[in-house]
Amino acid sequence: MKYHLVTPLMIGGALLYATYARATNPLTFPSSPLAWSTCASDTFADADADVAKLKKALGERLGERLQCALMRVPLDHYHPEGPKIDVEVIRVKALIPASREGSYFIHIGGPGGNPRDFIVAAGSKWALADADDTIAGWQRKVSERYDLVAVVPRGLEGGDAFQCRGIDSIEAPPDALSDWHATTAAARDIAENCGANPAARWTGTEQHVFDLEQARRAVGDPKLNFIGYSYGGLVGAWYRAMFPGKAGRMLLDSSIDFTGSIDDADLATLEERHREFQRRALRPLLQKHALYRVDNDEAAIVRQLQAMPARARNTLMPLVQSAASLKAAWVLGGLLTEQPWMTESEMHARIASVRFTTDDTAETRVRRRAEVLIGAYFGDDAEVIETLDAGEPDAETIHASTWHTRSLGARESVFLATRCNDNPWDQTESDWHRVMRERAAAFPASRQGVEFFGLICSNWANRVSHRPSLEPALATPPFLLIHAEHDVRTPLDGAARILDRFPGARLVVAKGVSGHGIVANSRTPCVEEAAGRYLLTGDVPDARLGSCPYVRKPRKARQHPNVALPGNADELIERALQDG
């Protein structure tokens, strides 16, 4: 399906609507049926030819069940008489039309996650499940009775694409601690350039929820049943708050804490990443401090990490997942503190004379990690270090690999506009400078930079969206939360706060695992049984909080020679959820 950019020329009169009083009757116009057709070939496009071939094969397996449509929506649903844009809707039809009970609308997270890959992969995979399997059989039954539908968030590939100008520095912002002037200048430029597109102010969760409701009406479902991952939890909660009478079932996997602000969620992620760093790397290092030739002094090691040059800390420390990789990063950080402008060959030469450990086997492991970290520091692929750390004898259970994907211009643009539009940003530039310094000191193993988005949003002009009160959602039907115990991206603490706020919520936790996106991707009994029962019947567990040990699903043999790229439907789902 072809798409084009949303340009000022297309919606030239749209700016006028921002000065009008907010209308009170969005979606009062009739919703036209969607004109479903075969999905265009670019639905299966990918930068890697083998991944594109995989996606095309999965699409062919689905056959006529896979359909796409363009939905014409108002740029601003509060002013439906104004300019219009196109968003894509994609679905996999129920396997048994005569048994169809409705749809499940799926949101894979983000902001900026495109659900195309997920719908193709999940639609194909779920239909192949054995209905008699006590763990995964529900996937086949859901496939038989429900359409899987996704409304591609406005601005993403499939419909009219929204892309900011001049946001290249989002990927590598200036170091705020050493050059605050350059940091604030970059943030102002990005806010001004992105906001220059008139569509920017209407790219966000509020308008997307209106798009969801328009799609529900167009497909004719009396209620909106919803499956949301990560940020998709906020989308589902806002839908229930804005359209409580149309809320059906809602399963949220690894949900963001939608009871607070986005900055609250960012801080929770930093705190959880620090706990992970202590659990998986720092404490194991100290427990074997003699082996790794370090003092048994946690505070001293943290001070040395904090003293690393910013580039070294931001590049190396987020990759640390074991005592061996921490020792390697600690040594490299010390070398770069002494000589910040070393070349790659000079760094390799320097570590050749370093003795990392007192044991030859451990020495080999640490040295290998040091070599990989040097490569990452100079721009090589970073996924190798994760594979090495996962192979440690005492490694923590990880639910899924990290898929290092290419950057998508529209994805970053939608992410930024949604983030800035969804929340009020009252902090000043000096507030953010203080926050950045405090967090860099408190969380030395976390990648600094998420506060840069807050700095951009504090300079964001003409915000028109409104965050709905969640009170109406309190009266909606019960919903189900699924979470990994050690989810770094959306910590379990946030799910607990949702559980406290909503009496109708139920939470099921996969214990002893670090991961994101658990449902249908593990063999964890309490998770899969609760999810299947709820999706098929709407019945939630009796207990408000339940848990059981995580059980890994057997992994298929790698079918792609590049470990950074997905080779089957499971891995394509993992990558889609990680992008979200």
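Structure: above.
Predicted model only: the values in this text are computed from it and were never measured.

Colleague: Even after reading the chapter, I still don't get the overall build of the protein, so can you show me in this structure?
Modeller: The number of helices and strands found in the protein is 20 helices and nine strands. Partitioning the contacts of the protein with sequence separation of at least 6, the portion at a separation of at least 24 is 78%. With the model as given, the accessible surface of the protein reaches about 23000 Å², and the carbon-plus-sulfur share is 52%.

Colleague: How should I be thinking about the pairing of strand β7 (residues 479-484) in this particular structure?
Modeller: Both faces of the sheet carry side chains from a regular strand, because those side chains alternate between them. Burial analysis of β7 places six of its six residues in the buried class, which makes it a mostly covered element. Covered by surrounding structure in β7 are Phe479, Leu481 and His483 together with Leu480, Ile482 and Ala484, the residues of both alternating faces. Bridging between strand β6 (residues 247-253) and β7 involves three bridges; their strand directions are parallel. Following the sheet pairing, Leu252 is matched in β7 by Leu481. Read from β7 through helix α18 (residues 492-501) to strand β8 (residues 505-511), the crossover connection turns out right-handed.

Colleague: How do you make sense of the packing of helix α8 (residues 262-287) against helix α16 (residues 429-442) when you look at a structure like this?
Modeller: Between two packed helices, what matters for the description is the angle formed by their axes and the separation of those axes. Packing of α8 against α16 brings their axes to within 11 Å, and their N-to-C directions diverge by 20°. Here α8 lies roughly parallel to α16, going by the angle between them. The crossing of α8 and α16 is right-handed. Between α8 and α16, the residues in contact are Asp263, Leu267, Leu270 and His274 and Trp432, Arg439 and Ala442, respectively. Here the contact of α8 with α16 is built from residues that sort into four nonpolar, one polar and two charged.

Colleague: Got a minute to help me understand the environment of Arg411 in this structure?
Modeller: By the element assignment, Arg411 lies in helix α15 (residues 409-422). Look at Arg411 and you get buried, because its relative accessible area is 18%. Between the alpha carbons of Arg411 and Leu156 there is a distance of 6.5 Å; along the sequence they are 255 residues apart.

Colleague: Explain the sheet that holds strand β2 (residues 84-92) to me, please; I cannot follow it from the model alone.
Modeller: Pairing between the strands of a sheet comes from backbone hydrogen bonds, and it takes one of two forms, parallel or antiparallel. Here nine strands make up an open sheet; going across it, the order is β1-β2-β4-β3-β5-β6-β7-β8-β9 and the pairing mixed. Every interior strand has two partners, whereas the edge strands, β1 (66-74) and β9 (545-549), have only one. Put simply, the sheet's adjacent strands are angled 20° from each other on average, direction ignored. Where β8 meets β9, five bridges bridge the pair, whose relative direction is parallel. Directly across from Ala510, in β9, lies its bridge partner Cys548. Seen against the sheet, helix α3 (residues 116-127) touches β1, β2, β3 (102-107), β4 (146-151) and β5 (224-229) and runs at an angle of roughly 15° to β2.

Colleague: Explain α18 to me, please; I cannot follow it from the model alone.
Modeller: An α-helix turns once every 3.6 residues. As a result, residues three or four positions apart point the same way. Residues of α18 that are buried: Gly494, Ala495, Ile498 and Leu499. Considered in projection along α18, the buried side chains sweep an arc of 145° and stay on one side of the axis. Structurally, α18 contributes buried residues whose contacts are with β7, β8 and β9.

Colleague: What exactly am I supposed to notice about the pattern of salt bridges here?
Modeller: Side chains that carry opposite charge are capable of pairing whenever their charged atoms lie near each other. One pass over the structure, following the stated rule, counts 28 salt bridges. With its nearest N and O atoms 3.9 Å apart, the salt bridge here joins Asp147 to Arg91. Within this pair, whereas Asp147 is found in strand β4, its partner Arg91 is found in strand β2, the two being separated by 56 residues in sequence. For the residue pair Asp147 and Arg91, the accessibility class agrees, reading buried in each case. In this structure, the salt-bridge partner of Arg217 is Glu213, at a minimum N-O distance of 3.0 Å. Within this pair, Arg217 and its partner Glu213 are both found in helix α6 (residues 205-219), separated by four residues, close to a single helical turn. Salt bridges sharing partners connect three or more residues here, namely Arg91, Arg100, Asp147 and Asp221.

About the thresholds
- Residues numbered from 1 in each chain as written.
- Predicted model: local features only at pLDDT ≥ 70, side-chain atom pairs only at ≥ 80, totals over all residues.
- Heavy atoms only, no water.
- Helix = DSSP H or I, 4+ residues; strand = E, 2+ residues; numbered from the N terminus.
- Contact = heavy atoms within 4.5 Å.
- Areas by Shrake-Rupley, 256 points an atom, 1.4 Å probe, with all protein chains shown as cover.
- Buried < 20%, exposed > 50% of the residue type's maximum accessible area, 1.4 Å probe, protein only.
- Pairing = 2+ DSSP bridges.
- Right-handed = clockwise from strand over helix to strand, strands pointing away.
- Axes fitted to C-alpha atoms, helices over the stretch in contact; angles between N-to-C directions.
- Parallel < 35°, antiparallel > 145°, perpendicular 65-115°, else oblique.
- Left-handed = near helix turned anticlockwise from the far one by under 90°.
- Nonpolar A, V, L, I, M, F, W, Y, C, P; charged D, E, K, R; others polar.
- Arc of directions from axis to C-beta.
- Salt bridge = Lys/Arg side-chain N within 4 Å of Asp/Glu carboxyl O.

By themselves, these are just geometric observations and shouldn't be taken as functional.
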